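So the chains spell out like this:
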Amino acid sequence: MTSSTRTRPAGADRRSPGARTRHERLPRLHGPAWLDGPMTSAHLVFGAAGLLLTIGLVMVFSASSIEAALAHEPAWAPGVQQLIWAGLGVGAMLVALRLPAGFLRRWSPIALIVVAVMLVLVLVPFIGVKLNGARQWFDLGVAHLQPSEVGKLVFALWGAHVLALRERYLTTTSLLVPVLPVFGVLSLLLIAEPDFGAVVSLGLVLIGLLWGGGMPLKWFGWFLAAAAVLMAALITFAPYRMARITSFLDPFADPTDGGFQAIRGMYALATGGLWGVGLGNSAMKWNLLPHAESDYIFAIIGEELGFLGCLVVVTLYGVLAYAGFRIARRSADRFVQLASVAITVWIVGQAAMNMGYVVGLLPVTGVQLPLISAGGTSLVLTLFIVGLLARFARSEPAAIEAQRGQSRGRVARFLLPVPAAAVDPVRLHRRAEERAPARPAGGARTVLRTRSAPSRPDAPRGGAAAEPAPVRDRAVPPRERRPAGNGARAAGRRQQPPSGAPRRPGGSR
């Protein structure tokens with residue numbers, strides 16, 4: 001704990017020792033010095049995600065080995081397969097580290113249309129694959145692709161892009177109208193699969209967007225009431241959802257069917273105690289707990305590593321949440337702020353949902369534990385999202401300045417390029433003569449320059465504190481792309497004499 005400088009007016013020495021003046025500041029609590037570093041956000045994202053991925057790989061090896069052996073397969077096969085997916089996910093993360101925010105914004109509307117088409121096609125019987133009573137996957141031969149997972153990320157990026165464009169004239173109506181109808185359409189397609197867990201995760205993305213956009217808190221109360229009414233309607237029309245709710249409230253009322261998985265998960269946590277039974281010594285993974293390596297892997301962590309192992313996992317998700325909100329607070333780009341909040345609320349909220357139904361606090365929704373549960377395409381997508389968060393962290397103004405002041409090798413420059421600017425320009429899909437360069441307008445707001453307000457030649461382009469964009473990123477205004485002959489013809493018209501002037505010989509005036 002350190003105290004800031006105290007300033008006392010003249011004659012303060014004659015006061016009593018315990019008296020304070022209005023100019024005197026109280027001591028403030030400060031964290032460690034490295035927490036205020038320019039690269040702290042990126043280090044926290046990489047560190048928390050890396051540790052969660054390591055724990056996940058170890059626990060997938062442990063939780064899936066017995067079931068694979070009982071199925072007459074090599075005990076190490078599921079773990080090696082998860083390791084391969086993790087390698088592909090690291091490659092996707094490196095790709096995300098090289099994607100500028102302007103590129104994500106430009107292609108997010110097209111990606112949203114593609115995702116909507118995929119959600120429609122997955123419902124076609126001969127195209128979509130039906131597993132466990134739901135038609136949610138495409139069969140790619142080597143793996144199954146779940147378009148709902150891609151849809152959450154695309155919805156987060158598209159929503160952040162739309163709200164960032166409307167920042168200058170953002171009202172409650174303009175905040176809700178573009179985002180809420182799209183959420184409704186995507187939710188209907190997900191319910192048709194059916195995939196209620198994906199609808200809840202998509203709702204987390206919506207909450208993050210509206211919260212980051214500045215939605216008043218009273219509107220969240222209305223949304224909560226509407227969600228309760230919708231939940232009641234879904235339960236009424238689908239009796240199996242009512243069974244899930246009742247099994248969550250009292251799993252021992254139906255211990256052989258609805259409450260079977262929840263009861264076995266509680267037994268696993270109770271057996272682990274404080275220290276756990278030891279890595280690899282779980283009894284529930286002997287085909288006693290369904291989906292032990294995916295949906296209920298947190299129960300296996302509690303059984304083998306105990307309460308302390310679960311506490312480490314919860315703490316790492318807390319660090320990831322702090323890093324995401326820190327990126328949103330320190331970024332200068334409004335799109336990055338909104339996207340960081342939406343992604344963080346989604347990832348951490350989904351982890352809370354998974355751990356909540358494992359410990360018996362929430363109904364079972366079937367969502368996986370990010371970076372830990374077994375799964376191919378979901379792990380690759382989650383690592384891609386981690387790469388996006390790290391990219392946003394590296395585009396903080398202080399982080400860009402710190403990276404430019406460091407000497408970096410060729411490999412580091414290739415894998416981790418320094419962002420060109422804290423606010424990436426947006427190039428929308430327009431005709432060449434309609435394009436105008438984007439410029440930062442100070443603070444945390446992205447403004448697009450329109451043709452109706454051309455800039456003066458002597459006016460600065462980005463404010464006093466803005467960095468000049470690279471030459472290759474500047475679009476030439478339409479008035480500077482005039483053909484060379486226009487000026488000569490205009491000068492010739494200005495030099496023509498009146499119509500009554502005498503003509504020179506040869507036809508000229």
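This is a predicted model, so every value here is computed, not measured.

Visitor: Quick question: what am I supposed to make of the overall build of the chain here?
Guide: In terms of regular secondary structure, the chain is built from 16 helices and five strands. Of all 509 residues assigned to the chain, the portion counted as buried reaches 43%. Taking all contacts inside the chain whose residues are at least 6 apart in sequence as the whole, residues at least 24 apart take part in 68%.

Visitor: Is there a simple way to think about the nonpolar core in this case?
Guide: Soluble globular proteins tend to pack their nonpolar side chains together in the buried interior. Core analysis: the largest hydrophobic core is formed by 105 residues, its most contacted members being Leu-153, Phe-155 and Phe-335. Tallying contributions element by element places helix H12 (residues 334-358) first for this core, with 15 residues. When neighbours within four sequence positions are excluded, Phe-335 is seen to be in contact with Ala-101, Leu-104, Arg-105, Leu-157, Ala-160, His-161, Ala-164 and Phe-392.

Visitor: What should I look at first to understand helix H13 (residues 377-394) in this one?
Guide: Side chains three or four residues apart in an α-helix point the same way, a direct result of the helix having 3.6 residues per turn. With 18 residues, H13 extends 26 Å between its outermost C-alpha atoms, agreeing within 8% with the 26 Å of an ideal straight helix rising 1.5 Å per residue. Within H13, 17 of the 18 residues are buried, leaving the element largely enclosed by the surrounding structure.

Visitor: Looking at this structure, how should I read the packing of aromatic side chains?
Guide: Any two aromatic rings considered together are summarised by their centre-to-centre distance and by the angle between their planes. Under the counting rule described, the total for this entry stands at six aromatic pairs. When the ring of Trp-211 is compared with that of Phe-325, the centres are 5.6 Å apart and the planes differ by 75°; the resulting orientation is edge-to-face. Taken as a pair, Trp-211 in helix H7 (residues 196-213) and Phe-325 in helix H11 (residues 297-330) lie far apart in primary sequence, 114 residues in all. Note on Trp-211: relative accessible area 46%, which makes it partly exposed. Residues Phe-335 and Phe-392 carry aromatic rings whose centres are separated by 6.3 Å and whose planes lie at 85° to one another, so their mutual orientation is edge-to-face. Here Phe-392 lies in helix H13 and Phe-335 lies in helix H12, a separation of 57 residues in the sequence.

Visitor: Before we go on, may I ask you to explain the environment of Ala-398 in this structure?
Guide: With respect to the helices and strands, Ala-398 occurs in helix H14 (residues 397-404). You can call Ala-398 partly exposed: its relative accessible area is 32%. Along the primary structure Ala-398 and Met-39 are separated by 359 residues, whereas in three dimensions their C-alpha atoms are 8.0 Å apart.

Visitor: Honestly, the environment of Gly-309 in this entry has me stumped. Any pointers?
Guide: By the secondary structure assignment, Gly-309 is in helix H11. On the accessibility criterion, Gly-309 (14% relative accessible area) is buried. Expressed as a C-alpha distance, the spacing of Gly-309 and Phe-298, which sit eleven residues apart in the sequence, is 9.6 Å.

Visitor: Help me understand the packing of helix H4 (residues 147-165) against H13 in this model?
Guide: Between two packed helices, the angle of one axis relative to the other and the distance separating the axes together describe the packing. For the pair H4 and H13, the least separation of the axes is 10 Å and the interaxial angle reads 20°. Here H4 lies roughly parallel to H13, going by the angle between them. As for the relative orientation of H4 and H13, their crossing is left-handed in sense. Across from Glu-149, Val-150, Leu-153 and Leu-157 in H4, the residues of H13 making contact are Leu-381, Phe-384, Ile-385 and Leu-388.

Visitor: I keep staring at the side chain of Ser-373 and nothing clicks. Help me out?
Guide: Mapped onto the fold, Ser-373 is located in the loop between H12 and H13. Residue classification places Ser-373 among the buried positions, given a relative accessible area of 3%. For Ser-373, the side chain forms a polar contact with the main-chain nitrogen of Leu-369, separated by 2.9 Å. The contact partners of Ser-373, leaving out residues within four places of it in the chain, are Val-60, Gln-82, Glu-293, Ser-294, Ile-297 and Gln-368.

Visitor: Explain the pattern of salt bridges to me, please; I cannot follow it from the model alone.
Guide: Under the definition given, this model contains three salt bridges. The salt bridge partner of Lys-152 is Glu-149, with a shortest N-O separation of 3.1 Å. In this pair, Lys-152 and Glu-149 are both assigned in helix H4, three residues apart and thus about one turn of the helix distant. When its relative accessible area of 14% is taken as the criterion, Glu-149 is described as buried. Here Arg-330 ties to Glu-396 by a salt bridge, and the two come within 3.1 Å at their closest N and O atoms. Taken together, the residues Arg-330 in helix H11 and Glu-396 in the loop between H13 and H14 connect sequence positions 66 residues apart. The exposure class of Glu-396 is buried, given its relative accessible area of 1%.

What counts, and where the lines are drawn
Residues numbered from 1 in each chain as written. Predicted model: local features only at pLDDT ≥ 70, side-chain atom pairs only at ≥ 80, totals over all residues. Heavy atoms only, no water. Helix = DSSP H or I, 4+ residues; strand = E, 2+ residues; numbered from the N terminus. Buried < 20%, exposed > 50% of the residue type's maximum accessible area, 1.4 Å probe, protein only. Contact = heavy atoms within 4.5 Å. Core = buried A, V, L, I, M, F, W, Y, C linked by side-chain atoms within 4.5 Å. Expected span 1.5 Å × (residues − 1). Phe/Tyr/Trp six-rings, centres within 6.5 Å; stacked < 30°, edge-to-face > 60°. Axes fitted to C-alpha atoms, helices over the stretch in contact; angles between N-to-C directions. Parallel < 35°, antiparallel > 145°, perpendicular 65-115°, else oblique. Left-handed = near helix turned anticlockwise from the far one by under 90°. Polar contact = N/O pair within 3.5 Å; in protein donor to acceptor, adjacent residues only side chain to side chain. Salt bridge = Lys/Arg side-chain N within 4 Å of Asp/Glu carboxyl O.

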